[in-house]
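# Structural overview
Here is what each chain is made of, one letter per residue.
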Amino acid sequence: MSTEETLEKLKEDFSLFIEAGFVAVKQLDAISASRLFIAAQMISPKHTAPQIGLGYIALNQLKVKEATHIYEKITEEEPENYLAQTFLGICYLLSKPKRKKGEKIIKHAIEQSDDQTIKNLGEISLQWAEKDLKKMKSKAPFFQKKEQATSSQHEEKHKQ
């Protein structure tokens, strides 16, 4: 069987490769997930689902620049890909200078999409940004506790 025949036969399983890739990401197996998404890309080179998966791996590894680049490219090619828009918005939420732009993109995706999963992802992302990201000080949360403890100890010394 030729390579073209094999790839043609595997096209039937394209969605399984994508699904298995996301399962591997969930199990924190980035190597297997990458291989599955790359295999899916070979089966269907013009489909953006494998790229969404590779971006998802990058986002899970907090490689925000890499994920942002992937999702920007997808949204340029497919302006109505609301899943990619939502993930791009999430990437922007993680970058303080682009946070407002991220919120705007996610709100747009929620409004335009008919897919409840995308709407839920967008709403949860916006809630997370409101609850956790906007309230963060300039320092990481684990430093705040130490500073609070230090200032409390300092206050107690002066009381004595």
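Below, the structure is looked at part by part. Keep in mind the model is a prediction, meaning the values are calculated, not measured. (Residues numbered from 1 in each chain as written. Predicted model: local features only at pLDDT ≥ 70, side-chain atom pairs only at ≥ 80, totals over all residues. Heavy atoms only, no water.)

## Topic: helix α4 (residues 49–60)
- A rise of 1.5 Å per residue sets the reference length of α4, with its 12 residues, at 16 Å; its end C-alpha atoms lie 16 Å apart and thus fit the reference within 8%.
- Turning to α4, its buried residues number three or more, namely A49, P50, I52, G53, L54, G55, I57, A58 and L59.
- Buried positions along α4 lie against α2 (14–26), α3 (30–43), α5 (64–77) and α6 (82–93). (Helix = DSSP H or I, 4+ residues; strand = E, 2+ residues; numbered from the N terminus. Expected span 1.5 Å × (residues − 1). Buried < 20%, exposed > 50% of the residue type's maximum accessible area, 1.4 Å probe, protein only. Contact = heavy atoms within 4.5 Å.)

## Describing the nonpolar core
- One finds F37 and Y71 to be the most contacted residues of the largest nonpolar core, which totals 32 residues.
- Looking at this core, the elements that each hand over two or more residues are α2, α3, α4, α5, α6, α7 (99–112) and α8 (116–133).
- For this core, the element with the most residues is α6, which contributes 7 residues.
- Those residues in contact with F37 that lie beyond four places of it in its chain are I18, G21, F22, V25, P50, G53, L54 and I57. (Core = buried A, V, L, I, M, F, W, Y, C linked by side-chain atoms within 4.5 Å.)

## Overview of the packing of aromatic side chains
- Throughout the structure, instances matching the rule amount to 4 aromatic pairs.
- Relative to F87, the ring of Y56 has its centre 5.4 Å away and its plane inclined at 55°; by these criteria the two rings are tilted. With a gap of 31 residues between them, Y56 in helix α4 and F87 in helix α6 connect regions that are remote in the sequence.
- Overall, the relative accessible area of 7% leaves F87 in the buried class. (Phe/Tyr/Trp six-rings, centres within 6.5 Å; stacked < 30°, edge-to-face > 60°.)

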